[in-house]
Structure formats: structure tokens, C-alpha cells
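Here is how the chains run, residue by residue.
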Number of protein chains: 2
Amino acid sequence: MLHNFYNSDDTIAAIATAEGISAIGVIRISGKDAFAICNKIYKNKDLTQLQSHTIHYGFITEGDEVIDEVMMSIFQSPRSFTTEDSIEISAHGSPYILSRILQLLVNNGARLAQPGEFTMRAFMHGRLDLAQAEAVGDLIAAQNKVQAEVAIKQIRGGLSEDIKLLREQLLNFASLIELELDFGEEDVEFADRSQLNQLIEQILQHIDPIIQSFKYGNAIKNGIPVAIIGRPNAGKSSLLNLLLNEDRAIVSDIAGTTRDTIEEVLNIEGLPFRFIDTAGIRTTQDAIETIGIEKALKKIEEAQVVIYIFDMSNTSVEEINSDLEMIKAKNNQIHLMVLANKTDLINEAVKTNLLNTLNHIGYTDTLSIQANKAGENELVFLKSALHDSIKKGIVSEGQTILTNLRHYIALSEAREALQIVVEDLNGRLTSDMLALDIKRALNALGEVTGEISSQEILINIFGKFCIGK
Amino acid sequence: MLHNFYNSDDTIAAIATAEGISAIGVIRISGKDAFAICNKIYKNKDLTQLQSHTIHYGFITEGDEVIDEVMMSIFQSPRSFTTEDSIEISAHGSPYILSRILQLLVNNGARLAQPGEFTMRAFMHGRLDLAQAEAVGDLIAAQNKVQAEVAIKQIRGGLSEDIKLLREQLLNFASLIELELDFGEEDVEFADRSQLNQLIEQILQHIDPIIQSFKYGNAIKNGIPVAIIGRPNAGKSSLLNLLLNEDRAIVSDIAGTTRDTIEEVLNIEGLPFRFIDTAGIRTTQDAIETIGIEKALKKIEEAQVVIYIFDMSNTSVEEINSDLEMIKAKNNQIHLMVLANKTDLINEAVKTNLLNTLNHIGYTDTLSIQANKAGENELVFLKSALHDSIKKGIVSEGQTILTNLRHYIALSEAREALQIVVEDLNGRLTSDMLALDIKRALNALGEVTGEISSQEILINIFGKFCIGK
């Protein structure tokens, strides 16, 4: 398979649309023999004589038998997705017919494409860099506005342009330092050390927010886990129902939910939040109940946000504080939101007093709500607080968002290497040590865009794509 | 909905590919505003200024936000499927992105298409007749070679041409007879009665095999039920396994199989056979076993073919004959195949003698087999016997095959009306009676191709299509 995967001489074919009975199904074929192969099964016109980006009606035939009535879309090299000669056959959306046509293409010399092989060819031939190619996969899997936005921005070169520019500047310095090495013992300095220092400072300033955006980017991609924690009858389930009922259409179950906790995904302003309802926490002697509570607390460790909800009419500041301390002891990285429920059961003065006290002891992200009958406004507040809790302080408007773990690791490594270069400069290390550390940073940056890549990385990346892409 | 469904002034849009994450998804838009609407969300070029059947790269945008990178395929009226101005937007195969783009089209003036509405417009504008349009639905649902062949033949006008030609000839006579009516009392005969008689004879000769082909066509569409009947240990299950093992890839379970009977579908030379394994039949006093046997015999009533299998080493001619008589008593319409099993356990002379006897008493479709270790040849024989049993005597090579119940009913009604016309002619009925009966035949024929159709029929037909077709 390895050999095949990299054999760009082959002409590859695959069904590119989703499987199922539908109006239209598309088969894609790409490679140097694409036109010749299609000419054997499409007799209406000589496909090699047609203009690129034109569409032609006709029939796919096997001998005398007509298989389907189709439209052939012609893409001549290099004006195609793969940059190779390509044809898209738009056939009737019958899985049977589509597999028949694909089989015919294979019988006439095409090879079944591996997952992601079309995109890999686009990358190999320089039409996309690796970060852009990976974004194609992300875009296809996008399930909400923010995911799609970030992916399309990356396809259009957002991240790549940032990285490429930085890498080029660094490359200039690397060349100068390599030059110094050529002169060996002569102790010349072509590369201005203070300029280099300045450049690295610039680069670090540029990639730091990108690296930090991964926390947000990862949340975008995988959903932000929000644990709803509270004592029994604090209103946890009412809160969850309230959040979900508001927009039932975009609620979905998450596979693998246990009987003990309920998980539901809700998109808020385009961000996917994964809400985890838990058992009520309280001090108990009951062994079984203790296990349930332990499980609830375990969820705190996995969460990125905890909504602590309490019954305002029935909970003392001491109890609240004790619960909150316990939550923070479990996970001090989380964003903690405090939600005072059942505000209708107490008078305004008591309420204000309690909220002030909480604010005073440091819980500033505090909202009050009536979970069983929340008004439009309360919900809007809650949702925007949730949204802000994730976005605030992590990303600024229009910034490049990192969603890919591979990019995060590579950029983190680049940063580490650059910080060592700074140390090298301060320690006035020799040119050869400097060159080595700069090279490490260059490689790490190059890995993001694929200027530096290994077969293993490529197979890993493109193997996750769907077939036909 | 009715109103919308017929409002051809609307520009309609729908996702035309199957739902699911995939490389490519296609959105179709058709109607007089198709270009204007797309111009609002695709800013790279003015779509009204482009040539038909050309493909254009660019971005779908909503305000400043880029939704996707797409290819736009331009089809100018009348050179499109619907004959209207149409565009196919080939986007990334993300269900989220596709629904986003569809929503944008709707926001800019398109209407969501009803199921089958694109094909209905093709029919309304004369690009397809009704029989062709119905075949589009059949082709999309095709699951094997024969189904697809029959559908594509019908799309290309096979059935329609037959019917139209006959209808036109009959229409000529009808006009002449209408003319006679205009002359009222004058007792003139413009229409030559003997020529009319001859024409009707021709038409009947032409449509009779088409009507008869429905038995085959229906089998193609729904699978041919084959009951495997025999005494306990005759080798029923071995036979089924043998048939199925040969080509496990195209075996599938049928929903709703009971614990008592096993149903499996196997395509033989492109025809779907639905095999039904049954409990062994024998005379028994056991009440429960009797129920099982009754169920097995019940399957005979539903079958189109019965394979009666018997253990040649262990069953007398009298027993076989008694079983076969019982089967025929249950259903004398079925095709009955007799299969002598375990032929390895007896010598050649006894075998030949037994088979001759069976042949002699009228069971000519007799094969012998060793179901537990059948060779390649025996299976091939069995399968081609099965295939022939369905095709033989019903259809001839290249003949039009009727698969649609609606067509069958219409053609049967046409035949009935034509037979009455023949009686009218023989009884020398008056022109007005004759005209009425010819008209009935004309209407029935016209229903097939949709020259005669009602809203109700159209909604019924196109409502079964998928959205986007």
C-alpha cells in the first residue's frame, strides 16, 4: 500500500459523494490517463479534445450496454484540484450504478484511490501546503459555524502565510550563519546578532498567541466539556433542560454516555458545548451514593468549565464556599461559573447580599437564574457568559486559531528551540551551535506547512480523510 | 404545498447528493432567478455573463464571511435537466456547509424543492415524458444489473416510444371517426373499419408481450420469492448455504424474517432471488410440528418458484409424487423445480431410473445435486435453471420490460378498451360508441407517458422521489 499511496503515476478513481440513494452521485478520476480511461467508457465525444472546465452530456457504456446517463466535467492539468488531468462524472445517485462505473474505470486502468489521496496529490504538487490540506479535512467534518470558519480560513492560507513569512525571515539568518561556518576559523559574523535577537523576539510575539489559541481551537473541534455540579435538587437537570429546550434542533446525544451522567451537545454562538449533568454532591454515609458523587467529582477533572449551581433559598455561604473549594481542589485549571438558582424564593435584599458576599470572596463570574422558569434574558446572559468564558483572554478578533494538535506540537517545539537560540545568543555560543538550534526551529515551523514532512506523517494525516477526497 | 409544487415561477434549490461527511456535496438550483440568486452569494464572476456548460471556481460568501470554496457549474435554459436556468454548486461534503449554503440560497430568494420537483419540471417542460421520469426514480433505486438496465432503457425512451407510436396511429383513426360524428346523420365512413381492425390487432400484438413482461419486471423490482420445500433432512439448508456461500458478498438479510423461516437474497445473473428456507414437511401427529409444516406450506402460496428437494437415497417415487401433488394443490401458478439430492449415495442406474420416472410423470425441470459437496457445474446448472424459470416464455431478448404497476394497470385497461373496440367493430356499432371506446384506449395509453395525467397522479409519482432529484 505504501508504494501505491505514493505512486503518482497511477490514475486514481473514487466515489466522492456520500453513500446512499440520492439525486446525484459524483465519481472523481485523476491522473495522466484520466481522459484516456474515460474515453473507453464514454463514447459521445473524444474527451482529450475538449476545453478545460466544460461539462458534457452523454452515456457511460460497457460494450453495448448503457450503464448510465451522465455529465462529464473536464479539468485539464494543471487547472484541477490535484493539478493533474481530472474528470468528475456526475451520475444518478444509485450506489449500485456508482460502484458499477467505478468498477469500469478500474477495469480500464484506474486504481481505487486511498483515503485522502486526491488531497495528498494536491499537496505533493504544491497546490496546497500541509496545513491547508489538513484544513480540507476539518472543513468536511465541520459541524458548526466556528469550526467551518476556522477551517475555511486555514484553507485560504491563514495559518500557512503566518508561518511561511516567519520561516523565510529566519531562513535568511540561518543562511548567513551557515556562511560563517564556511569561513571556519576566521571568526567573522555575517549575521547581525542583535538583529537576529530582534527577529526571534518578533517571531515569538507572533506565534505565542497562535499557540495559546489552541486551547480555544481544540474546544472548537472537540466541544467544550462543561460539568454541571451541585447539591441534590439544586436545579442541575432543570438547567440542562432549559439550555437544551431552547434549541432542540441542534441537540444531539454523545455516544458512550453512561447511565450515571448525561451528555448533550449544544452550539452557542457557533461554539459546541458538551454539557455533563452529574449526580448531586453532598456528604453522605451511604457507600453507593458516595460512588455516584465520586463519579460526579471525576467529571470536574475532565471539564474545561464547571457550572456550580445552588439553591439560593436553601444553601448557606459556608456550604457554597465548601463546595467551591472542593471543586477547585479537583481541578484548578477550569473556568468556574457560579449560578444562584431559585431566586424567586427569596427576597431581593437577601439575594443581593448573598451575591455580594460571593463576589467578595472571589467568585466574580456569578449569575442568578430561575432554572425552572428562566426568562429569555437570563438564558441569553448565561449563554454569553459561557461563550465569553472560553473565548475571553485566549483569542482576539481575526486571529489565527490553531485547531490541530500536530500544529500545536510543532509550534511549541519551534518556540522552545527559539528560546534556546535566544539563550545561545546571550551566552555568545559559537555559530555552529546557533545554526543547529535555528535549524531545529526551522524544521518545526516547516512541519506545519509540510515543507518538512515524512512519509509517516503524510500517511497519518491523509489516511484519516474520507475516500474520494 | 400543492400550489407551491406546481408553481414553476419559483426558483427551487436542494442538496442533491446523499447526506454524510464526504469529499463532495452538490447543491442544485433551478429556475428563472437561479443566476441572480447565486450572484448574490458568489462574487468571483457575474454568472449571467458565462457560457452554458462551463465550470467556475470561487467562494460562497455571506457578507464578509467565506462559507466555502466551490465550483459552480452553469447550465443555461434550455440546456439543463429541468430546461430552466440551473446551477450546480459543488461544495465540500460537510452536511453543515451544505445546509448553510442551501439556507443562503433560500435567504436570497430560492424555495426549498419538494421531492422530485426537478424531475417534475423536466417532465412539465417536455424534456422527459412520465414513463421516463418514473424510470429516473427506478434507476436511482436500482440494486442490480437487470434493474438498472431496464430503468436506463426506459429513461432513454424504450417504453415511451413504443406507446407513443401506437397512440399516434390510433389517434389518426379517432380523428376520422370524430369527423364522421360532425357529419351527423349523413352516415359517412371516413375511417376505414377494416384498416382500424387491422391496426388494433397490431397494437394488441405489440402491447400484449409488454403487459406479460410485468410478471418478470415486477420480479426484477421486488425480488423473486423462491421457497425451498422438502422433507426433514432432504438437504434444504445445505442447498441454501451452497447457493449463498458461493457469493457471500451479495448476500443480505431481509428485514422481518421470522424465526421459522430464513430469507436471503441472492442476485443470479443480475436477477434478485429471495430464497425462503422452510421447516421439513412430513405427516406427523405432533401438534406443534404440524404448525411449522403449515407455515412452510403457506410459503408456497407466496412463492413464484418452488424448489422441491428430496433425498434420492431415501425417498420413493410415490412419496415424491405425493409431496409434489400437495405443493401444486397449494399453488398451481408457481414454477416447480425438482431437485434430487444426495446422488452420491445411490448408483447411477437407480438414479437414472428415478429421474426418468419423474420426467415420465411430468416433472421435466429436474436436476440432481450433491448439496453438501456440489461441484461448480451443478451450481451453474441450478442457477441458470432458476434464471431461465423466470425469464423463459415471458420475455424475449431486447423486449421492453414493464416494471411499474401504474403502467401495467394503464396498459391492461388500454387492452381491455381495444378489445371492446374490436367487438364494437364486429357488432357494427355507431361511430359515437366507437369513438368513446377508442378514446378510452387513447387515454389509458396516454397515462403511461403522461400525455394524460392528473395532479393527483403527478404528486403521487414525484412525491416518492428523493429531494434534490
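Source: prediction; values computed, not measured.

Colleague: I'd like to hear about the packing of helix α7 (residues 158–182) of chain B against helix α15 (residues 431–449) of chain B, residue by residue, with values.
Modeller: Residues and elements named next belong to chain B. In the contact formed by α7 and α15, the axes pass within 9 Å of each other and the chain directions differ by 155°. Overall, the two elements α7 and α15 adopt an arrangement that is roughly antiparallel. For the element pair α7 and α15, the recorded crossing hand is left-handed. Within the contact between the two elements, α7 uses L159, S160, I163, K164, R167, L170, L171, A174, I177, E178, E180 and L181 and α15 uses S431, D432, L434, A435, I438, A441, L442, L445, G446, V448 and T449. For the contact of α7 with α15, a count of residues per class yields 14 nonpolar, 4 polar and 5 charged.

Colleague: Kindly report on the pattern of salt bridges, identifying the contributing residues and their values.
Modeller: Residues and elements named next belong to chain A. Evaluation of the coordinates by the stated rule reveals 49 salt bridges over all chains. For E84, the salt bridge goes to R121, with nearest N and O atoms at 3.1 Å. Here the residue E84 occupies a position in the loop between β4 (65–75) and β5 (86–93), and R121 occupies one in helix α4 (residues 117–124), the gap between them amounting to 37 residues. Taken individually, E84 and R121 each receive the classification buried, so the pair is uniform in this respect.

Colleague: Any chance you could break down a nonpolar patch on the surface for me, citing the residues and the numbers?
Modeller: A contiguous nonpolar surface patch, about 310 Å² in accessible area, is contributed by A:L176, A:L179, A:F183 and A:F190. The exposure class assigned to A:F190 is partly exposed, which follows from its relative accessible area of 37%.

Colleague: Any chance you could break down the interface of chain B and chain A for me, citing the residues and the numbers?
Modeller: One frequently used descriptor of interface size is the decrease in accessible area upon assembly of the parts. Facing the 51 residues of chain B at the interface are 51 residues of chain A. Considering only the side of chain B, the residues that lose the most area to chain A are B:I24, B:I55 and B:Y96, jointly responsible for 15% of the buried surface there. Our count for the chain B to chain A interface comes out at 2 salt bridges. A:E65 serves as the salt-bridge partner of B:K145, at 3.0 Å between the closest nitrogen and oxygen. At the boundary of chain B with chain A, the tally comes to 14 residue pairs in polar contact (both at pLDDT 80 or more). Secondary-structure elements contributing two or more residues to the side of chain B that touches chain A are β2 (22–30), β3 (54–62), β4 (65–75), β5 (86–93), α3 (95–107), α5 (130–141) and α6 (145–155) of chain B. When its residues are assigned to classes, the side of chain B that touches chain A shows 26 nonpolar, 13 polar and 12 charged.

Cut-offs and rules
Residues numbered from 1 in each chain as written. Chains lettered and ligands numbered in written order. Predicted model: local features only at pLDDT ≥ 70, side-chain atom pairs only at ≥ 80, totals over all residues. Heavy atoms only, no water. Axes fitted to C-alpha atoms, helices over the stretch in contact; angles between N-to-C directions. Helix = DSSP H or I, 4+ residues; strand = E, 2+ residues; numbered from the N terminus. Parallel < 35°, antiparallel > 145°, perpendicular 65-115°, else oblique. Left-handed = near helix turned anticlockwise from the far one by under 90°. Contact = heavy atoms within 4.5 Å. Nonpolar A, V, L, I, M, F, W, Y, C, P; charged D, E, K, R; others polar. Salt bridge = Lys/Arg side-chain N within 4 Å of Asp/Glu carboxyl O. Buried < 20%, exposed > 50% of the residue type's maximum accessible area, 1.4 Å probe, protein only. Patch = residues over 30% accessible without salt bridge, like charges linked within 9 Å, V, L, I, M, F, W, Y side chains within 5 Å. Areas by Shrake-Rupley, 256 points an atom, 1.4 Å probe, with all protein chains shown as cover. Buried area = accessible area lost by both parts, 1.4 Å probe. Polar contact = N/O pair within 3.5 Å; in protein donor to acceptor, adjacent residues only side chain to side chain.

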